[in-house]
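Notes for the structure review
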Amino acid sequence: MRLVIGNWKMHGTRADAVALAAQVAAGLEAVPAWDPDEVRVGVAPPFPFLEAVGAALAGTRVELVAQDCHQEPQGAFTGWVSAPMLASVHVRRVLVGHSERRQHAREDDALVRAKLEAVLEAGLDPVVCVGELLAERDAGRHEAVVERQVRAALEGLDPAAFARVVVAYEPVWAIGTGRTATPEQAGAMHRSIEAVLAAIAPEAARIPVLYGGSVKPSNAAELARTPGVAGALVGGASLEAASFVEIVRGVAEASAADPRSA
Ligand code: PGA
């Protein structure tokens, strides 16, 4: 499976979100290379707009994705949102462990694991984000850091759950910086993650691994052709329907050219 998710982060109003969703859905209709069974597409609006965006996407093949959730199903947790709440507004997938949450909300590996389990428990599919800081790459520790994050998120899970998990590799130094990992850097890390997944469990070896970090129309196809890259998690470029649709087109064309790696 290939997958492209637009992470809208904390941008826009309800009207902006509904308009963007409608434009994305309409734009995708006009992409002949896009087969929604081969390349799934999702958008992750801010929490208050999930329901309205879900309504705007009704009848389309674009999935509703949430950006985060709390690890408990309910309780006295002012300001948080639980996975069952997301399920009740028809969210399909939930991002966990995005680097902005690891950094600004001080989420550690144990919390990310708890959130991943909460997402599974609610019947939703988790997208677990991993990635190294620039200092960690400069110190040559990037593969070890990402291995630690992947193992902490997935080791010991019920093997049946692996069919529902997606991993997104997002080098923190590439997020929102305009600086993308080269296909060589992405390819090397994706190979490393594949080896870690295979070591965790045979079922985990089939987990799709997305790339994220300054993905844009100009680099999406090349990244998607990189062996091991199963799609993209897109931030900034997903806020404009035309550029997000172009990214999906790039991934769809890469998938059509190499269906076996999907
Ligand atoms: P970016 O964000 O595409 O703006 O770099 C990616 C992400 O944070 O998921």
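Because the structure is a prediction, the values reported are computed rather than measured.

**What about the state of the cysteines?**
For the structure on display, the rule yields zero disulfides. Lacking any disulfide linkage, Cys 69 is separated from the closest cysteine sulfur, that of Cys 129, by 12 Å. Of the residues examined, Cys 69 reaches a relative accessible area of 1% and is grouped as buried. You can call Cys 129 buried: its relative accessible area is 2%.

**Quick notes on the site of the ligand**
Every one of the 13 residues lining the ligand counts as a neighbour, but Lys 9, His 98, Glu 170, Gly 176 and Ser 214 are closest to it. Residue Lys 9 places a side-chain N or O atom 2.7 Å away from an oxygen atom belonging to the ligand. Look at the ligand: alone it shows 280 Å² of surface, and the protein chains cover 95% of it. Class assignment for the residues of the shell around the ligand results in four nonpolar, seven polar and two charged.

**A closer look at the pairing of strand E6 (residues 166-169)**
Because side chains alternate across E6, one face comprises the buried residues Val 166 and Ala 168, and the other comprises Val 167 and Tyr 169, equally buried. As paired elements, strand E5 (residues 125-130) and E6 share four bridges and run parallel to each other. Bridge pairing in E6 links Val 128 to Val 167. Across three bridges, the pairing between E6 and strand E7 (residues 209-212) is parallel. Within E7, the position partnered with Ala 168 by the bridge is Leu 210. After leaving E6, the chain enters helix H8 (residues 183-200) and then returns to the sheet as E7, a path that is right-handed.

The rules behind these values
Each chain carries its own residue numbering, running from 1 in the written order of its sequence. Given that the model is predicted, a residue must reach a pLDDT of at least 70 before its local features are reported, and side-chain atom pairs must reach 80 or more before they are shown or counted; all residues, however, enter totals for whole chains, interfaces and linings. Excluded from the side-chain calculation are hydrogens and water; included are all heavy atoms of the structure. By disulfide we mean two sulfur atoms from cysteines, separated by a distance within 2.5 Å. Buried residues are those whose accessible area, probed at 1.4 Å on protein chains only, stays under 20% of the maximum for their type, while exposed residues exceed 50% and partly exposed ones sit between those limits. Throughout this document, a residue counts as near a molecule or strand when at least one of its heavy atoms sits within 4 Å of that molecule or strand. Polar contacts, as used here, are pairs of N or O atoms within 3.5 Å; protein pairs need one atom able to donate a hydrogen and one able to accept it. Residues neighboring in sequence count only if both atoms are side-chain atoms. Residue-level accessible areas treat just the shown protein chains as cover; the underlying method is Shrake-Rupley with a 1.4 Å probe. Ten residues, namely Ala, Val, Leu, Ile, Met, Phe, Trp, Tyr, Cys and Pro, are considered nonpolar, four, namely Asp, Glu, Lys and Arg, are considered charged, and the remaining ones, Gly among them, are considered polar. Under the scheme used here, helices are H or I runs from DSSP no shorter than 4 residues and strands are E runs no shorter than 2 residues, and both carry numbers assigned from the N terminus. Paired strands are those between which DSSP finds at least two bridges. Every crossover in which the path from the first strand over the helix to the second runs clockwise, viewed with the strands pointing away from the viewer, is termed right-handed.

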